[in-house]
Amino acid sequence: MDGTAPERSNDADFERARERHETLAAEITEHRRRYYLAEPTISDSQFDELFHELIDIETAHPELQSNDSPTQQVGTFSEAFTPVAHLEKMLSLQDVFSLEEVQAWADRITAEVPGEPYLCEVKIDGLAVDLVYEHGRLARAATRGDGTTGEDVSANVATIDAVPQRLKAAEGFDVPELLEVRGEVYFPTDEFDRLNESQVAAGKAPFANPRNAAAGSLRQKDPSKTAERPLSFIAHGLGALKGFEPQSQSHSYAALEAWGLPTSPYWRVVDTIDEVFAYIHEFGEQRHSLVHEIDGVVVKIDRLGTQRRLGATSRVPRWAVAYKFAPEEVNTELLDIKVSIGRTGRATPYAVLEPVRVAGSEVEFATLHNADQVKAKGVKIGDTVVVRKAGDVIPEVVAPVAAARDGSETDFVMPERCPECDSVLAPASEGDVDLRCPNARSCPGQLRERLAYLSGRSCFDVDRMGYIACSALVEPLDTDPVLVDEGGVFDLRIEDLLPIKVVVRDPDSGLPKIVEATGEPKVVTPFAKQPDKKTGEILPRKNAEEMLENLEKAKRQPLWRVINALSIRHVGPVAAQALAEHFGDLDRIAEADESAIAAVDGVGPTIAAAVKDWFAVDWHRAIVERWRAAGVRMQDDAPDPSELPPQTLEGLTVVITGGIPGYTREGAAAAVKARGGKTTSSVSKKTGAVVAGDKPGSKYDKALTLGVPIVRGEDFERFLADGLPPAEPEAESDSEASSVGSEPE
Ligand code: IVH
């Protein structure tokens, strides 16, 4: 290799970087413009990714960092409103995405100015505005624009109740001659769904998120339109000042509050970086339960003198950093809308998406619930859509990105026929929004889903009987189905299973999986190994034999699981337990009057009617008889009183929330029941005790508010053994004093 080769490859590298830089810079500028017009076509996290790629390129090649690079500018502005110069530049914030980066920021500060208190705040996902008060009167309100020049939105901001037209005089806080205050206009989360409903009803595209709704509302040409939107405001910073010299950001917040300018209820001044981390953690957990959306936490150096000393780059201050939460919303393509058939026949439209990572996992499908929901969300096939996965909930399509439409998108039409068996879909009853496949017994979709449910955790819990096995029993390739309904499931024999071939389906969507290399559906023999090459003998798989052994064991499952496994409409595990507990015997349920079933605690008329309807069908009763003949237990044995534990919780209603050490949720409930107690899921004044384990949540808060005795998770055993301790005398009692096991102070 000659000596010039490396240089040539460096040249090529640089050229590639320059080209990528140019493309990225143009894209980012365009996305900023769209964002600013409240019509973004990519999600915030996707924008962040582009922006950080640009920063990385400039770090590697500083010569590409020209003055007009997006990394050197704050934002953008349009000329739809009158331009106005800010008295002081409005800066942006440096984003970071890990606690290590927050630590590195704090280390840099500490090296220069040790021991500075931090002010932690939530990062409100709204729209930045700049308010100028002259002698206490709101003289002007402007958007951020490019940070130097914004747009005059005074008339629109004047319609926001939270922004005072005049500052209130307050003791100790003289109204200053000049006050430039920065803050966020936001759209309250609980109003957002209502706004989108009315947008769709008016034939307009819904907003993708509350931030777009805030921006869209504030940028109305007609301020009376803005006035119709419930916008609010929170101040989070200062610009030019005359006659006001606060020592710290927190001190300035006290003054702003006194003058009638709302500040966040969530800010906190702390001394250590560990407390900053704790704040980040705390608000990460609560991010969806605040009055506005947040997309992170802002950490600032509280003392204004130190802020001045640390200064700023052209774009961001050195004295603050924004920790951004992991994205839970991303944009992707809605490739198609298909319909799946559930175990009770319900036809559910679902979105087929260009696969995308959201909140740590890849999402390819998302439910759309029913045809009315598709309409309500205003999504069309071919749209770019916002997909969301909040916490551990299933992914959902939030809204279309109307700004990304090119006219090729098509409306979804709910099919008239079942995609699995071609029966005509119909509502189960008049006025029902859901369509159903009426072919309950032999629609392969319904039966496949019923079998998968029956073998699942809340029914017979048959290990090794997964989705592929269920599918194989119902819709084998080239052979007749082994099962025409679930009646024969306990009579399966290995020799019937061995020849079965089946197309592998995706459990989330029911769609066949395609082998990439061939483009053909993937076919397997789920119960048999490949035939022996020499003898041609077909041998069972170990999994298949285990499945049959597990089915054998499953015949001993308690009655509530058997009831749940019948896939009776409206009857899930909770109703099944209530029925089992009350009647103790499946035949008694089948024979009971509808009114007697409805009277069972936790059941009610809808479930009672569904139970009666179910047992009125011949082939349903035949299932029960085949299961009985196969040895499935149809009643619970009455417990032997001499074996019962002491009835320490007799008559007590208990709510269990959070994880209890050493118990599953079901196990903890069973332990309470075995001692004469009853478990329910919601806390009321009538609740006897709340057992609050690990991460207890809102039920714990409600128990505190209502004064319901709280048992700590680690005291659960003692509670089972001894019941509740006697109530403390009124004057000394508080939530802690009424906890089991807590010692008097
Ligand atoms: S301080 C120089 N505090 O986030 C410091 N900004 O991504 C400027 N934002 O332009 C901002 N909540 O519009 C600050 N508690 C908060 C904030 C906040 C939201 C916005 C603000 C800023 C943008 C930067």
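For the protein chain, the count of helices and strands is 24 helices and 24 strands. If one aligns the C-alpha atoms of the protein chain with their principal axes, the spans along those axes are about 90 × 85 × 60 Å. In the protein chain, which comprises 745 residues, the share counted as buried stands at 47%. Summed over all atoms, the accessible surface of the protein chain reaches about 36900 Å², with 49% contributed by carbon and sulfur. Within the protein chain, one finds 82 positive and 125 negative side-chain charges whose respective centroids are separated by 3 Å.

With that out of the way, let us pick up the state of the cysteines. Counted by the stated rule, this structure contains zero disulfides. Of the cysteine sulfurs around Cys-437, a residue in no disulfide, the closest is that of Cys-421, at 3.6 Å. The structure places no disulfide on Cys-443, whose sulfur is separated from the nearest cysteine sulfur, that of Cys-421, by 3.8 Å.

Here the protein chain shows a mean pLDDT of 88. Residues at 70 or above account for 94%. For residues 1-8, every residue scores under 50 in pLDDT, and the model assigns this stretch one contact once sequence neighbours within four places are set aside. Note on residues 730-745: pLDDT is under 50 here. Beyond four places in sequence and across chains, it has 23 contacts.

Looking now at the site of the ligand. Neighbouring residues of the ligand: 15 residues in total, closest Glu-121, Lys-123, Ile-124, Arg-144 and Glu-184. Note that a nitrogen atom of the ligand is positioned 3.0 Å from one of the backbone N or O atoms of Ile-124. Side-chain polar atom of Glu-184 to an oxygen atom of the ligand: 2.7 Å apart, as the coordinates give it. When residues of the shell around the ligand are traced back to their parent elements, those giving at least two are β3 (118-124) and β10 (294-301). If you tally residues by element for the shell around the ligand, the top one is β3, at four residues. For the shell around the ligand, the class distribution of residues is eight nonpolar, two polar and five charged.

What follows covers the pairing of strand β7 (residues 178-186). The buried fraction of β7 amounts to nine of the nine residues, a majority that puts the element mostly inside the structure. Relative to strand β8 (residues 232-242), β7 runs antiparallel, the two being bridged by eight bridges. Pairing of Val-185 across the sheet is with Phe-233, part of β8.

With that settled, consider the environment of Phe-81. Topologically, Phe-81 is positioned in the loop between α2 (44-60) and β1 (83-85). In this structure Phe-81 comes out as buried when scored by relative accessible area, which is 11%. The sequence separation of Phe-81 and Ala-142 amounts to 61 residues, and the corresponding C-alpha distance is 9.5 Å. For Phe-81, the contacting residues outside a window of four places in its chain are Glu-151, Asp-152, Val-153, Asn-156, Arg-219 and Gln-220.

Glancing now at the sheet that holds strand β23 (residues 689-692). Strands sit in the order β22-β21-β23-β24 across an open sheet of four strands; the sheet is parallel. Sheet topology places β22 (678-680) and β24 (710-712) at the edges, where each strand pairs with a single neighbour. The sheet shows a mean angle of 30° between the axes of neighbouring strands, direction not considered. Relative to β24, β23 is paired through three bridges, and the arrangement is parallel. The partner of Ala-692 across the bridge, within β24, is Arg-712. Taken strand by strand, helix α22 (residues 665-674) contacts β21 (653-657) and β22, and its axis lies near 165° from that of β21.

We now examine the packing of aromatic side chains. Going through the model one piece at a time under the given rule, you end up with 15 aromatic pairs. Between the aromatic rings of Tyr-323 and Phe-325, the centroid separation amounts to 6.1 Å while the plane-to-plane angle is 75°, which identifies the pairing as edge-to-face. What makes Phe-325 buried here is its relative accessible area of 10%. Between the aromatic rings of Trp-614 and Phe-615, the centroid separation amounts to 5.0 Å while the plane-to-plane angle is 80°, which identifies the pairing as edge-to-face.

What follows is about the packing of helix α12 (residues 444-454) against helix α13 (residues 467-474). Helix-helix packing is described using two parameters, namely the angle between the two axes and the distance between the axes. Interaxial distance between α12 and α13 falls to 9 Å at its minimum, and their mutual angle equals 140°. Classified by the interaxial angle, the pair formed by α12 and α13 is oblique. You can see that α12 and α13 cross each other, and the crossing is right-handed. Facing α12, whose interface residues are Pro-444, Leu-447, Arg-448, Glu-449, Leu-451 and Ala-452, α13 presents Tyr-467, Cys-470, Ser-471, Leu-473 and Val-474. Partitioning the contact of α12 with α13 into residue classes produces eight nonpolar, one polar and two charged.

Let's shift gears to unusual backbone geometry. The phi dihedral of Asp-422 falls on the positive side, at around 70°, and the residue is not glycine. Of note, Asp-422 is situated in the loop between β16 (396-400) and β17 (426-427). Even without glycine at this site, His-570 takes up a positive phi of about 70°. Structurally, His-570 can be placed in the loop between α16 (559-565) and α17 (573-583). Residue classification places His-570 among the partly exposed residues on the basis of a relative accessible area of 44%.

Applying the stated criterion across every chain, the model contains 45 salt bridges. A salt bridge links Arg-18 to Glu-15, with the nearest nitrogen and oxygen atoms 2.8 Å apart. Separated by three residues within a single helix, Arg-18 and Glu-15 lie in helix α1 (residues 5-36), roughly one turn from each other. By relative accessible area, Arg-18 is classed as partly exposed at 30%. Each of Glu-420, Arg-448, Glu-449, Glu-475 and Arg-505 takes part in one network of salt bridges that share partners.

Turning to the side chain of Arg-32, a few remarks are in order. With respect to the helices and strands, the residue Arg-32 is situated in helix α1. Asp-95 provides the closest opposite charge to the buried, salt-bridge-free Arg-32, at an N-O distance of 8.8 Å. In terms of polar contacts, Arg-32 uses its side chain to reach the backbone carbonyl oxygen of Pro-70, at 3.2 Å.

Cut-off values and rules
Residues numbered from 1 in each chain as written. Predicted model: local features only at pLDDT ≥ 70, side-chain atom pairs only at ≥ 80, totals over all residues. Heavy atoms only, no water. Helix = DSSP H or I, 4+ residues; strand = E, 2+ residues; numbered from the N terminus. Buried < 20%, exposed > 50% of the residue type's maximum accessible area, 1.4 Å probe, protein only. Areas by Shrake-Rupley, 256 points an atom, 1.4 Å probe, with all protein chains shown as cover. Lys, Arg positive; Asp, Glu negative; His and termini not counted. Charge placed at Lys NZ, Arg CZ, Asp CG, Glu CD. Disulfide = S-S within 2.5 Å. pLDDT = per-residue confidence, 0-100. Contact = heavy atoms within 4.5 Å. Near = heavy atom within 4 Å. Polar contact = N/O pair within 3.5 Å; in protein donor to acceptor, adjacent residues only side chain to side chain. Nonpolar A, V, L, I, M, F, W, Y, C, P; charged D, E, K, R; others polar. Pairing = 2+ DSSP bridges. Axes fitted to C-alpha atoms, helices over the stretch in contact; angles between N-to-C directions. Phe/Tyr/Trp six-rings, centres within 6.5 Å; stacked < 30°, edge-to-face > 60°. Parallel < 35°, antiparallel > 145°, perpendicular 65-115°, else oblique. Left-handed = near helix turned anticlockwise from the far one by under 90°. Salt bridge = Lys/Arg side-chain N within 4 Å of Asp/Glu carboxyl O.

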